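Given next are the chains, with one letter for each unit.
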Amino acid sequence: MTGQVPAVRLRVPTEEDALVWHRIFADPDVMEFHGGAPAELSVYEELTARQRRHDAERGFCLWSVLDDSGEVIGFTGAQPWPHETQGPVGEIEIGWRLARAAWGHGYVTAAARQTLDRVRAAGVGEVVAMVNSRNERSIAVTRRLGMELAETYPFSRERQGGETEELLALCFRLKL
């Protein structure tokens, strides 16, 4: 990563962004810590629609990240923790996922800082980031944002091919 902060812009995801996210997230490297396999296009169509609702209702969502040329390179943002029985139930989670070609340029950190500003403006007082303990890149982003490790959660996940993988999720927190 260079010392210069890249120019990024966040926007509420459009219907067309579902196709872009589907293409970007079909890369096994990008999906390594998200189950390893790409999701169907319908998953991203539902996800982008849900994010439009979240933004309208809450003032924040998972926004599309656009680079300085206006190309969608992934997403970052915040949403309520989606699980009702495990992890930081009831908390607001920030997260990010970028195209492989956009890694290492500072886009995630720049976009996540904008996310923090937006969720603070929406009245959120604290956020969490749940990170796979092996995901060194995302752990580094949480540190750059000033987040601190607060809890750990064991979890298992079914990978492509039906095998079960035992993992550890790190929960980082930041008061806004």
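Keep in mind that what you see is a predicted model, and the values were worked out from it rather than measured.

Caption draft 1: Representation of the packing of aromatic side chains in the model. In the structure shown here, the tally under the stated rule is 4 aromatic pairs. Each ring, one from Trp-21 and one from Phe-75, has its centre 4.9 Å from the other, and the planes form 50 degrees; the classification is tilted. Of this pair, Trp-21 sits in helix 1 (residues 15–24) while Phe-75 is found in strand 3 (residues 72–80), placing the two residues 54 residues apart along the sequence. Among the residues examined, Trp-21 registers a relative accessible area of 0% and is labelled buried. The buried category is assigned to Phe-75, whose relative accessible area is 6%. Plain terms: the ring middles of Phe-25 and Phe-75 are 5.5 Å apart, the flat faces sit at 85 degrees to each other, and that makes the pair edge-to-face. One end of the pair, Phe-25, is in the loop between helix 1 and helix 2 (41–58); the other, Phe-75, is in strand 3, with 50 residues separating them in the sequence.

Caption draft 2: Main features of the pairing of strand 7 (residues 164–175). Two strands pair when backbone bridges link them, and strand 5 (residues 126–132) and strand 7 are joined in this way by 7 bridges, in the antiparallel orientation. What sits directly across from Val-128, in strand 7, is Arg-173.

Caption draft 3: Structural view of the nonpolar core. Counting 31 residues, the largest nonpolar core has Ile-94, Trp-96, Val-127, Leu-145 and Met-147 as the members making the most contacts within it. Looking at this core, the elements with two or more residues in it are strand 2 (62–66), strand 3, strand 4 (92–98), helix 3 (107–121), strand 5, helix 4 (136–144) and strand 7. Here this core gets 7 residues from one element, more than from any other, and that element is helix 3. Discounting residues that sit within four places of it in the chain, Met-147 has contacts with Ile-94, Val-127, Val-128, Ala-129, Thr-142, Phe-172, Arg-173 and Leu-174.

Caption draft 4: Here's a closer look at helix 3. The end-to-end C-alpha distance of helix 3, which contains 15 residues, comes to 21 Å, matching closely the 21 Å that a straight helix rising 1.5 Å per residue would cover. Inspection of helix 3 places Tyr-107, Val-108, Thr-109, Ala-110, Ala-111, Ala-112, Thr-115, Leu-116 and Val-119 among the buried residues, and these make up the whole buried set. Trailing helix 3 by a residue or two, Gly-123 shows a phi angle of about 95 degrees, which is positive.

Cut-offs and rules
- Residues numbered from 1 in each chain as written.
- Predicted model: local features only at pLDDT ≥ 70, side-chain atom pairs only at ≥ 80, totals over all residues.
- Heavy atoms only, no water.
- Phe/Tyr/Trp six-rings, centres within 6.5 Å; stacked < 30°, edge-to-face > 60°.
- Helix = DSSP H or I, 4+ residues; strand = E, 2+ residues; numbered from the N terminus.
- Buried < 20%, exposed > 50% of the residue type's maximum accessible area, 1.4 Å probe, protein only.
- Pairing = 2+ DSSP bridges.
- Core = buried A, V, L, I, M, F, W, Y, C linked by side-chain atoms within 4.5 Å.
- Contact = heavy atoms within 4.5 Å.
- Expected span 1.5 Å × (residues − 1).

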